[in-house]
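One-letter residues, chain by chain:
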Amino acid sequence: MKNEAVKSPRLLETNSNSSKKLHTIVKIAILTALAAIIMLFEIPLPFAPSFYKLDLSEIVILMGGFAMGPIAAVVMELLKNLLNILLNGTSTAYIGEFANFVTSCALVLPASIIYKYRKTLNGAIIALIVGTLSLTIVGSLLNYFLLIPAFSEFYHLPIDDIIEMGNAVNPLVADLKTLVMFAVAPFNIVKGVVCSIINLLLYKRLSRILHI
């Protein structure tokens, strides 16, 4: 009888932990699917070349990261891109998907980490500001040193031609550096700000559902 009395609380704790893990997996799956669907709808911005298109899937990932933590956010980013490849295929030899994963993690990972330890409105604002700055810096460096050269190599398109595409919509673009400064960086700032504002407006209203 004593052994049964000792085991019962442990058994209940094990069942509770299993239930929590299952709920987390289900929430990750649902949010990932929603983010992948939103990712299919892309918005061109007037100051950037046509191959830079804004998607707002990070709104969903940010809410999931705030509710379940930074690891869940990274997992959702990875699964979102894999699911998008299945739904939409790839036209960039996975360069675009790689770029989306890395830059999106640059937004959601620091934001989720900060919010994990400062779950207040001010904490959320600071988290999203840091995330947006991280997205802008990482996105700019990644495009300058890796993505644009890789894009040029994959499409057999000289970088000068890419710069001309940028100059056609944005007169401030004159070389690779100004393409990053006046197209890539503003693009990521807009993405971070829009996703952050919508996340702030929606998260508290949906947080009860996210914490079920």
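Above this text is the structure in question.
Draft legend 1. Spatial organisation of the overall build of the protein chain. Along the protein chain, the regular secondary structure elements total seven helices and two strands. Shown N-terminal to C-terminal, the secondary structure of the protein chain runs as helices and strands in the order α-β-β-α-α-α-α-α-α. Considering only C-alpha atoms, the protein chain reaches an extent of 80 × 35 × 25 Å along its principal axes. With 212 residues in all, the protein chain has 42% of them scored as buried. Contacts in the protein chain between residues at least 24 apart in sequence constitute 70% of all its contacts with a sequence separation of at least 6. As presented, the protein chain carries roughly 11,900 Å² of accessible surface, and 70% of it is formed by carbon and sulfur atoms.

Draft legend 2. Geometry of the nonpolar core. Among the nonpolar cores identified, the biggest contains 25 residues, and Leu62, Phe66, Met68, Met76 and Tyr203 are the most heavily contacted of them. Counting only elements with at least two residues in this core, the list comes to α1 (2-39), α2 (58-68), α3 (70-88), α4 (95-117), α5 (121-154) and α7 (176-210). Top element by residues in this core is α2. It accounts for eight residues. Contacts of Tyr203, omitting those with residues within four sequence positions, involve Met63, Phe66, Ala67, Tyr115, Leu210 and His211. Formed by 15 residues, the second largest nonpolar core is a distinct cluster that contains Leu45, Ile148, Phe151 and Ile163.

Draft legend 3. Quick peek at α4. Over its 23 residues, α4 runs 34 Å from end to end, which matches the ideal 33 Å to within 8%, given 1.5 Å per residue. At Cys105, α4 shows its largest bend, some 30 degrees.

Draft legend 4. Region of interest: α3. The terminal C-alpha atoms of α3, which comprises 19 residues, lie 26 Å apart, in line with the 27 Å expected from a rise of 1.5 Å per residue. The first or second residue beyond α3 is Gly89, which carries a positive phi of 70 degrees.

Draft legend 5. How the structure looks around the packing of aromatic side chains. One pass over the full model with this rule turns up nine aromatic pairs. Feature note: the residues Phe51, Tyr52, Phe151, Phe154, Tyr155 and Phe187 constitute an aromatic cluster, connected by ring pairs.

Draft legend 6. Representation of the environment of Leu82 in the model. Tracing the backbone through its elements, the reader meets Leu82 in helix α3. Owing to a relative accessible area of 45%, Leu82 belongs among the partly exposed residues under this scheme. Residues Leu82 and Ser50, spaced 32 residues apart in sequence, show a C-alpha to C-alpha distance of 23 Å.

Draft legend 7. Examining the packing of α2 against α4 more closely. As a packed pair, α2 and α4 sit with axes 9 Å apart at the nearest point and diverge in direction by 25 degrees. Our classification of the angle between α2 and α4 gives roughly parallel. Crossing hand, α2 versus α4: right-handed. Only Ser104, Leu107, Val108, Ala111, Ser112 and Tyr115 of α4 make contact with α2, whose side of the interface consists of Glu58, Ile61, Leu62, Gly65 and Phe66.

Criteria and cut-off values
- Here the residue index of a chain counts from 1 through its sequence in written order.
- Totals for whole chains, interfaces and linings use all residues, but because this is a predicted model, local features are given only for residues with pLDDT of at least 70 and pairs of side-chain atoms are given and counted only at 80 or more.
- No hydrogens and no water enter the side-chain calculation; it runs on all heavy atoms of the structure.
- Numbering of helices and strands runs from the N terminus; a helix is a DSSP stretch of H or I covering at least four residues, while a strand is a stretch of E covering at least two.
- The buried label applies to any residue whose accessible area, calculated with a 1.4 Å probe on protein chains only, is under 20% of its type's maximum; exposed applies above 50%, and partly exposed to all values in between.
- It only takes one pair of heavy atoms within 4.5 Å for two residues to be counted as in contact.
- We get accessible surface area from the Shrake-Rupley algorithm with a probe of 1.4 Å; when it comes to residues, only the shown protein chains can shield them.
- Take the buried Ala, Val, Leu, Ile, Met, Phe, Trp, Tyr and Cys residues and link them wherever side-chain atoms come within 4.5 Å; each set so joined is a nonpolar core.
- Under the convention used throughout, the expected extent of a helix is 1.5 Å for every residue step, that is, one less than its residue count.
- Bend, in this description, refers to the angle at a residue between axes fitted to the seven residues ending there and the seven starting there.
- Any Phe, Tyr or Trp ring, taking Trp's six-membered ring, that has another such ring centre within 6.5 Å forms a pair; planes under 30 degrees apart are called stacked, those over 60 apart edge-to-face, and the others tilted.
- Axes here refer to lines fitted to C-alpha atoms; in helices the fit is confined to the stretch in contact. Angles between the N-to-C directions go from 0 to 180 degrees.
- Under this scheme an angle from 65 to 115 degrees is roughly perpendicular, one under 35 degrees roughly parallel, and one over 145 degrees roughly antiparallel; angles in between are oblique.
- We call a crossing left-handed when the near helix sits turned anticlockwise from the far one by less than a right angle, and right-handed when that turn is clockwise.

Without other data, these values stay purely geometric and don't point to any function.
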